[in-house]
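Here is what each chain is made of, one letter per residue.
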Amino acid sequence: MVNATAVLPTLPSKHWLRGTAPTTRFSLRGNAAAQQLAGQALGLTLPVEACRAHSAGERAALWLGPDEYLLIAPLIEGEALRAQLAAALAPTPHSLVDVSHRQIGLELYGPHASWLLNAGCPLDLGLAAFPIGMCTRSVFMKTELLLWRKDADVFHVEIWRSFTEYFTGLLSEVARELPG
Amino acid sequence: MSQCRTETGGRIDRSRKLSFTFDGVQLYGVQGDTLASALLANGVHLVGRSFKYHRPRGFLGAGTEEPNALVRVIRDSARSTPNVRATSVELYDGLIAESQNRWPSLKFDVGAINDALSPLLPAGFYYKTFMWPRSAWHKLYEPNIRAAAGLGRAPEGADPDSYAQRFAHCDVLVIGAGPAGLAAAQTAARTGAHVMLCDEQAEFGGSLLDDPEALIDGQPSAQWLQGVIADLKARPNVTLLQRTTAFGYFPHNLIGLNERVTEHLSAPHQNLPRERLWQVRATEVVLATGAIERPLVFPGNDRPGIMLASAARTYLNRYGVRVGKRAVIVAGCDAAYAAALDLKAAGITIAAICDVRPSADGPAAARARAAGLAITTNTTILGTRGRLRVQSVRLGHLEISGSIRPGVTVACDTVLMSGGYTPTVHLYSQSRGKLRFDSTSHVFVPGTSAERERSAGACKGIDGLHAVLADGAAQGLSAAAATGFAGSPRHYTVVATETSGIGIPGALPQPGKTPPAKAFVDFQNDVTSKDLALATREGFESIEHIKRFTTTGMATDQGRTSGMNALGIIAKDFGREIPSIGLTTFRMPYTPTSFGILAGYARGDLFDPVRRTAAHDSAAALGAVFEDVGMWKRAWYFPKSSEDMHAAVERECLAVRNGVGMFDASTLGKIEVVGPDAATFLNRFYVNNWANLAVGRTRYGILLRDDGFVYDDGVIARIADDRFHVTTTTGGAARVFALMEDYLQTEWPDLKVWITSTTEQWSVVAVQGPRSRDVIAKLVTDIDISHNAMPHMSVANGRICGIPMMLFRVSFTGELGFEVNVPAHYGKAVWDALYEAGREFGITPYGTEAMHVLRAEKGYIIVGQETDGTATPDDVGLTWAIGKTKPDFLGKRAIARPAMTATGRKQLVGLLTLDPQVQLEEGAQVIATPKQPVPMTLIGHVTSSYMSSVLGHSIALAMIKDGRARIGETLYVPMPDGDIPVKVTAPVFYDAEGVRLNG
């Protein structure tokens, strides 16, 4: 019996782009009760404020809508976490769906991170309008993505698997005029 | 350097010579020149031929307003741009420019025959002339008009340059960096607000660049300008954009900017984009777009050497170029005197100053008199002479009686016109702001704003440097305050000759009742005052109609220099006030804008996302030919060495029927429906009954729109009591998800159920054929895949190659089949493993084409192929799927309407040609009796048609009126070579009993 290996979309080698550690992802839908129970199982408080991410260690919860969160944890914790969350959430109506492979995580970093994104993303990515810890779904030209500002010049991006090549290809075109 | 260039002065660098060619002649300019100023420095005034009459034309203006000097600029063999205004082209070393609309040469142009024929070519002549004979339109008129139409030649090859795009936000966007814009930007910037300042020119400064004598706060204007720009540059909250035209004002303060990044460079770096589109969302906008001088309308006002007074001043003060040696100044506005004074100081003879007004008493006129210049008032121009350059003007004197007494002819090589200033309200008007007519200055100025925007300076009719600066600062401060940034007012002291911009709209007085020929109003479209008079005589009253009849204002300069004069002439003709004539619409773009920036990065492979499945590379390695399905690349067929598509598809189909095939089904849409009300939701959404679907079982679902027509289909699996895995068609994934979300949010918000797209979470390999179980049995663990444990239409969780798998027992081929679902990152590994495991059974990868044939042999429909948005479930033979006992579902009421069950509806049937080798065309029509005359009575059409290798017979699916009642009949498919007889059958051609599903 062969053991299958995971193959992720390849990222171009750029000084402003890096992959992120393998990740387990869950889409959580549910009301305040579900959010509280999920937070307890995850070990952090789910943000109530719109478009904010809370993280504890390598785990994070990203507010995507009034009843919608993306939960992120290291890949290795995936199966156990799924069981913990399912058990914790059992008493209340909710939806917990594994979307670990639906999208990939990558980081745009460095002094041109927001400049690169603003080539195709219409949001105001200034620090005042998009502070550290903010997250939201948006678009980059013709693809959807999820942006999470982890630092002034670090954006964590979640993008659907098959759009990765389009997204990084466009960014590479945009970056052509950058020095170095 | 020619004697046209002054020895000192201007904002050019005389030490940096630049070589360029115009119509093949090598010339020299200097750094800081525009193509226009460099040509004038070389004494070149003749630069183009007019559009309709091919009249020789020179420079009218010095900037964006230029209607005449349209040239082709050629950078190299791959890069040329037609119809650029020479006044807006920055000179670089090696620039190549050509004149347009002339043949064989600029000086001798055959097309100038039109000028001699002009009495035969009045406005609207083409509406009247080319009507008869009717047959001549296609053969004679249209091709010839097409050949004569248009200006310039479009480049032929692909554009080798790149174009960038960018979104930006700011508190205050200031458009225009003349004195008003600079004052606004600086005042706003000092409050701490984020300010963007853009200007279309190479240098910030606007009118200040033409006015070196003015003193601001005790400094010469150039020094003041330098200080302001340095201050703005040093501020981190300020973005400065030179060479950037605000071309469009879109709703909610979204402004389109066109930045020309490399156009001015001799050797641009290959990594730089040629131009950049900025989409700026500004909280507040300050329009400081200035004003444009109007020409005067008199006979022969278009000869080379006749230009705007402001342009002559710009060429002199900014570029150090004397536009001639002997000038006649025609004044309808005091600004003419400022030009006269500057030109005289530069050594140009002022042959005459003719002021059409009864008196000239402004401070500038007084200074002109003091300088010894003679001014004659009440004077008009009756005509000009000079073929390729003006040589003289003939004056006329307005008598108190109203008549005109012919005056002397004055020799000259330059005529400067000043008809008054028109505020540039294009962007304001684009923003849906309401214009107001100012009866003192006879121009339209901004009235009531529609956006969070304010105008500053000359663009709202303010005259004089001091007033313009003060207004700019006040508007900058108020814009910043509106975004929450407070600051203190700014005051300026100014020493300058302040002239009023008020002028006279319309044509100069002429003797006689009929307007003279060749008094041009719109220079670019060759519209004369006579054309406008003709339009009013023909009964046109609305300016919008007159515009279309005469084409005045319809050229690429959008009537910048002609609009107010046209209105003035028409108003006078009707004896009405200008506001009652109306105003035409200002449309974007403000200046011509390249397609390049609109396309931006979206070209080639990046035009649209190209989505590839996880196993794409493996399929490619097996020789797959791909087809586009939506944005996806799907394996179409897998030809071996010399096979054509037909042979490959035949082999792939037979392999599935006789052995085993594998197919990448990953692109199917997948939606996880979860929550205690999941079954209730699906019951309302799909036609089927889901309440009685057991966990671990699947069912083929049909989705209707509320109009009762089939919208999508797919297999739906019950994973748990409260969890369903819904599949959709590849193309329907996004719209089905959106429709579900729509109903959940707007119709059934009470349901406790949520949907999550999992299309990309799962890679799906369909393993189909009698040996499919043998293949997967080698790799699958933790699961019993025997027929009894896992019957047709079941689902189970297990492992494959050690990783979690959701296994479906389903078939879209009619054979025993499984669909292996694994998390997508494992998709390639599992595809490869299945291929290896299947080799001993001759596993054959098959593509979408074979899949289509296999499903057609079984009569399985494809939504969008058999259905066209007007098919009910019954039409396509799917009534069996409807949950009869359900109280309601989406589309239930609609399909109960009498028309939806009436006879005469098209129904899905099979068609077999009498000759098994004849394959029907998809889309072909079907008729009941042969040899019908046109128009035939059409009773249906072919929806799918293939050669079935397993049957040795072509097969077709068709939608035929009352088709099920016609089974057994012979119908006909009319084709160019004759009618093809076909036998109507049930839509299932192969294994009608379905025994093969059981392996």
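The rules behind each value
Residues numbered from 1 in each chain as written. Chains lettered and ligands numbered in written order. Predicted model: local features only at pLDDT ≥ 70, side-chain atom pairs only at ≥ 80, totals over all residues. Heavy atoms only, no water. Helix = DSSP H or I, 4+ residues; strand = E, 2+ residues; numbered from the N terminus. Buried < 20%, exposed > 50% of the residue type's maximum accessible area, 1.4 Å probe, protein only. Contact = heavy atoms within 4.5 Å. Areas by Shrake-Rupley, 256 points an atom, 1.4 Å probe, with all protein chains shown as cover. Lys, Arg positive; Asp, Glu negative; His and termini not counted. Charge placed at Lys NZ, Arg CZ, Asp CG, Glu CD. pLDDT = per-residue confidence, 0-100. Buried area = accessible area lost by both parts, 1.4 Å probe. Salt bridge = Lys/Arg side-chain N within 4 Å of Asp/Glu carboxyl O. Polar contact = N/O pair within 3.5 Å; in protein donor to acceptor, adjacent residues only side chain to side chain. Pairing = 2+ DSSP bridges. Axes fitted to C-alpha atoms, helices over the stretch in contact; angles between N-to-C directions. Parallel < 35°, antiparallel > 145°, perpendicular 65-115°, else oblique. Left-handed = near helix turned anticlockwise from the far one by under 90°. Nonpolar A, V, L, I, M, F, W, Y, C, P; charged D, E, K, R; others polar. Core = buried A, V, L, I, M, F, W, Y, C linked by side-chain atoms within 4.5 Å.

1. Structural notes on the overall build of chain B
So, point 1. Looking only at helices and strands, chain B features 25 helices and 51 strands.
So, point 2. Its C-alpha atoms give chain B principal-axis dimensions of roughly 115 × 70 × 55 Å.
So, point 3. Per-residue burial over chain B gives 58% buried out of 999 residues.
So, point 4. For chain B, restricting intrachain contacts to residue pairs at least 6 apart in sequence, the fraction spanning at least 24 positions comes to 66%.
So, point 5. A total accessible area of about 39500 Å² is found for chain B, and carbon and sulfur atoms account for 54% of it.
So, point 6. Side chains of chain B carry 101 positive and 99 negative charges; the gap between the two charge centres is 5 Å.

2. Observations concerning the confidence of the model for chain B
Low pLDDT marks stretches whose predicted atomic positions should not be read closely.
So, point 1. Looking at chain B, the pLDDT average stands at 95 and 99% of residues meet or exceed 70.
So, point 2. The ipTM assigned to the predicted complex is 0.97, against a pTM of 0.94.

3. Considering the interface of chain B and chain A
So, point 1. Taken residue by residue, the interface counts 51 residues in chain B and 47 residues in chain A.
So, point 2. Between chain B and chain A, a total of about 4200 Å² is buried, with carbon and sulfur atoms accounting for 58% of that surface.
So, point 3. The largest contributions to the chain B side of the interface with chain A come from Tyr601(B), Trp754(B) and His825(B), which together make up 19% of the buried area.
So, point 4. Applying the counting rule to chain B against chain A returns three salt bridges.
So, point 5. Between Asp608(B) and Lys142(A) there is a salt bridge, with its nearest N and O atoms 2.9 Å apart.
So, point 6. The tally of links from chain B across to chain A stands at 22 residue pairs in polar contact (both at pLDDT 80 or more).
So, point 7. At the level of elements, strand S8 (163-175), strand S35 (669-674), strand S39 (754-757), strand S43 (803-809) and helix H22 (827-838) of chain B are the ones that each hand at least two residues to the side of chain B that touches chain A.

4. Examining the sheet that holds strand S3 (residues 53-56) of chain A
All names here are of chain A.
So, point 1. Reading across the sheet, the five strands line up as S3-S4-S5-S2-S6 and stay open at both edges, with antiparallel pairing between neighbours. Each end of this open sheet is capped by a strand with a single partner; those strands are S3 and strand S6 (94-98). Pairwise comparison of adjacent strand axes, ignoring direction, gives a mean angle of 20° for this sheet.
So, point 2. By the bridge criterion, five bridges tie strand S2 (residues 23-30) to S6 in an arrangement that is antiparallel. What sits directly across from Arg29, in S6, is Ser95.

5. Concerning the sheet that holds strand S5 (residues 70-76) of chain B
The strands making up a sheet are joined through hydrogen bonds of the backbone, oriented either antiparallel or parallel.
Residue and element names in this part refer to chain B.
So, point 1. With respect to topology, five strands assemble into an open sheet ordered S2-S1-S7-S5-S6, the strand pairing being mixed. The open sheet has two edge strands with one neighbour each: strand S2 (25-31) and strand S6 (79-85). Direction aside, the axes of adjacent strands within the sheet are offset by 35° on average.

6. Focus on the environment of Gly65(A)
So, point 1. Examined against the element boundaries, Gly65(A) turns out to sit in strand S4 (residues 59-65).
So, point 2. Between the C-alpha atom of Gly65(A) and that of Glu49(A), which follows or precedes it by 16 residues, the distance is 9.8 Å.

7. What to know about the packing of helix H18 (residues 645-658) of chain B against helix H23 (residues 848-857) of chain B
How two helices sit against one another is set out by the angle between their axes and by the gap between those axes.
Residues and elements named next belong to chain B.
So, point 1. Axis separation between H18 and H23 bottoms out at 9 Å; the angle between their running directions is 55°. In terms of orientation, H18 and H23 fall into the oblique class. Regarding H18 and H23, the two cross each other, and that crossing is right-handed. Only Glu849, Ala850, Val853, Leu854 and Glu857 of H23 make contact with H18, whose side of the interface consists of Met645, Val649, Glu652, Cys653, Val656 and Arg657.
So, point 2. Split by residue class, the contact of H18 with H23 holds seven nonpolar, no polar and four charged.

8. Examining helix H8 (residues 335-345) of chain B
Residues and elements named next belong to chain B.
So, point 1. Counting buried positions along H8 gives nine out of eleven residues, so the element sits mostly inside the fold.
So, point 2. All of the buried residues along H8 are Ala335, Ala336, Tyr337, Ala338, Ala339, Ala340, Leu341, Asp342 and Leu343.
So, point 3. Just beyond H8, the residue with positive phi is Gly347, at close to 95°.

9. Here's the deal with the nonpolar core
So, point 1. Counting 83 residues, the largest nonpolar core has Leu35(B), Phe59(B) and Tyr315(B) as its most contacted members.
So, point 2. Not counting the four nearest positions on each side in its chain, Tyr315(B) is found in contact with Ala36(B), Ser37(B), Leu40(B), Phe59(B), Gly61(B), Ala62(B), Thr87(B), Met307(B), Gly320(B), Val321(B) and Val323(B).
So, point 3. Of all hydrophobic cores here, the second largest spans 48 residues; its members include Ala113(A), Ile159(A), Phe163(A) and Tyr166(A).

10. Considering the environment of Thr848(B)
Residue and element names in this part refer to chain B.
So, point 1. Secondary-structure assignment places Thr848 in helix H23.
So, point 2. Residues Thr848 and Phe59, 789 residues apart in the sequence, show an inter-C-alpha distance of 63 Å.
So, point 3. Residues contacting Thr848, with those up to four places away along its chain left out, are Glu627, Arg634, Ala635, Trp636 and Phe663.
So, point 4. Within polar-contact distance, the side chain of Thr848 engages the side chain of Glu627 at 2.6 Å.

11. Section: the environment of Arg657(B)
Residues and elements named next belong to chain B.
So, point 1. Here Arg657 lies in helix H18.
So, point 2. Measuring from C-alpha to C-alpha, the distance between Arg657 and Gln768 comes to 8.4 Å, with 111 residues separating the pair along the chain.
So, point 3. Separated by 2.6 Å, the side chain of Arg657 and the backbone oxygen of Thr813 make a polar contact.

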